[in-house]
Structures are given as structure tokens and as C-alpha cells.
Amino acid sequence: MTPLQATPASPARKIALAPDTSRMDRRSARAWTERMAVRQLPDGRYAVDSESGATYVVDLAHHECSCPDYELRHAKCKHLRRVALEITLGRVPPPGKFTTKCAVCGDRVVARRGEPRPYLCSDHKLEAGDRVTDRETGDRLIVYRVTTDRADEVEIPSANTTVAGYPGNHRYDAADLVVEVVYPSDTLRRTRLRRYSFPYSRLARPAEVDASPESAPDVAQAA
């Protein structure tokens, strides 16, 4: 079978993995020791650049590989094994997930396919119901949602300006994501929650989360 042609992706460095392979079968040992590079393809399969210079496609979900060993013998080849190893070691994302960048800091994030944006790393992830503090006033707030919009793109009609231009927000990055929050007192009312927009970096997580009943209302269901 014709090896996969080169794809327009950044070249990955071929490396060898090195455990004690003396008790392994031949294919497992070669999966560990040969110099290969694994990268995920847009369709969720994996390209394996082998030590020989050929590139093969591994479909881990169907346990298939385009290499001759698999095509002729239907064996669990070294490429299938290497992809599984790279996933276990966290070098490439597992099926159903992909690698992207945190929308706040740009660090590597593994996200689930179909997961709504923005993609945030563990250090910057905010979810509905999280408690945060306004750095300017010290007010305690509750996250409603993190948007994909920049602070200099979101208009505040009543103030005739953007979130970035609103008084108190000038010293925060205009490219910040906009976070919509509600005030805890508003969650006690049986009316539509009023949401307020803040630049991401204006909000800080408090040192300790208030354990009172109002600390974790179900704002994800509010509208």
C-alpha cells in the first residue's frame, strides 16, 4: 500500500522510547524503541512517521493501520502500539479529543471534540457557578459564562462604550475574553438574572470558597 503523502503540518521530531524491552514480543519492543513521530490528523486518525521514512495512518478506533504488516497479516503492528503508547504518555490526545491552545494564556490544552469554546487550561478555566472576586471593588460574584468575545468587541449600549472602554476596565487587556457574571443577591430573587460583563483578568478567584447555600446556585439554568 502506498504510504501517506506528506501533510501540511509542522514536522515532529522522531524519538525513541526506552523501557526494558527484553521480555516484550518483537512488535511491542519495536514500538518502544524505534524512532517514530506521531501526530493526530484532522479526522481523528493518527499519522506515524516511521524510522524507515515511510508514513502510515493509524485508525485507533477501528484498530487499523495502513502499513504492510497490518494489511497482509492483520496483526497489531508496531504503529498501532506506538500510537497507544503516545496517548498513554500524554504526547498526543486520545480519540475524540484534540490539542489546542488556552484562550487566555496560550498553553497546550486537550479538548473534547464538540466541546463549546472557549478552550481554557486548568489554571484559567471558569465554569458557571464558580465564585470570583472583582479586583476593583472586592465584590463577590458568580460566573454565568465565559464568552468567546473580546472586551473591545462587546458593546455596552447604556454606557455607549465597549467592555474594555467601561470605567474601571482601562487597565485590563482589551483583548481579554468577556466573562458574564451575576451578583449573589440576585440569585435569591425569582426574576430573570441580570448579567454583567467583565474583562477576564479583572476577576480573581477568592482564596476560600464560601460554603453558604448561595455560594453555588444553579446559574447555568438561569436565563
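These numbers come from a predicted model, not from an experiment.

### Description of the pattern of salt bridges
Phase 1: Counted by the stated rule, this structure contains 15 salt bridges.
Phase 2: Among the salt bridges present, the one from Arg195 reaches Glu180, with a minimum N-O distance of 3.2 Å. Linking Arg195 in the loop between strand S11 (177-182) and strand S12 (196-199) with Glu180 in strand S11, this pair joins segments that are 15 residues apart in sequence.
Phase 3: Assessed through its relative accessible area of 12%, Glu180 is described here as buried.

### Details of the sheet that holds strand S1 (residues 37-40)
Phase 1: One open sheet accounts for four strands, arranged S1-S2-S3-S4; its pairing is antiparallel. One side of each edge strand has no neighbouring strand; the edge strands of this open sheet are S1 and strand S4 (64-65).
Phase 2: Looking at chain direction, strand S2 (residues 46-49) and strand S3 (residues 55-59) are connected through four bridges and run antiparallel. By the bridge assignment, Val48 is partnered in S3 with Tyr56.
Phase 3: Packed on one face of the sheet, helix H3 (residues 78-88) meets S1, S2, S3 and S4 and runs near 70° to S3.

### Considerations on the packing of aromatic side chains
Phase 1: With the rule as written, the count across this model stands at two aromatic pairs.
Phase 2: With a centroid separation of 5.5 Å and 85° between ring planes, the pair formed by Phe98 and Tyr119 is classed as edge-to-face. Note that Phe98 is positioned in strand S5 (residues 97-101) and Tyr119 in the loop between strand S6 (108-112) and strand S7 (131-134), a separation of 21 residues in sequence.
Phase 3: Classification of Phe98 as buried rests on a relative accessible area of 16%.
Phase 4: On the accessibility criterion, Tyr119 (15% relative accessible area) is buried.
Phase 5: Between the aromatic rings of Tyr183 and Tyr196, the centroid separation amounts to 5.1 Å while the plane-to-plane angle is 90°, which identifies the pairing as edge-to-face. Here Tyr183 is found in the loop between S11 and S12, whereas its partner Tyr196 is found in strand S12, with 13 residues between them in sequence.

### Quick look at the nonpolar core
Burial of nonpolar side chains together is a common tendency in soluble globular proteins.
Phase 1: One finds Tyr46, Val58, Leu60, Cys65, Leu80 and Val83 to be the most contacted residues of the largest nonpolar core, which totals 16 residues.
Phase 2: At the level of elements, S2, S3 and H3 are the ones that each hand at least two residues to this core.
Phase 3: Ranked by the residues each element gives to this core, the list is headed by H3, at three residues.
Phase 4: Aside from chain neighbours lying at most four places away, what touches Val58 is Arg45, Tyr46, Val48, Glu64, Cys65, His79, Leu80 and Val83.
Phase 5: Formed by 15 residues, the second largest nonpolar core is a distinct cluster that contains Val132, Val146, Leu177 and Val179.

Conventions and cut-offs
- Residues numbered from 1 in each chain as written.
- Predicted model: local features only at pLDDT ≥ 70, side-chain atom pairs only at ≥ 80, totals over all residues.
- Heavy atoms only, no water.
- Salt bridge = Lys/Arg side-chain N within 4 Å of Asp/Glu carboxyl O.
- Helix = DSSP H or I, 4+ residues; strand = E, 2+ residues; numbered from the N terminus.
- Buried < 20%, exposed > 50% of the residue type's maximum accessible area, 1.4 Å probe, protein only.
- Pairing = 2+ DSSP bridges.
- Contact = heavy atoms within 4.5 Å.
- Axes fitted to C-alpha atoms, helices over the stretch in contact; angles between N-to-C directions.
- Phe/Tyr/Trp six-rings, centres within 6.5 Å; stacked < 30°, edge-to-face > 60°.
- Core = buried A, V, L, I, M, F, W, Y, C linked by side-chain atoms within 4.5 Å.

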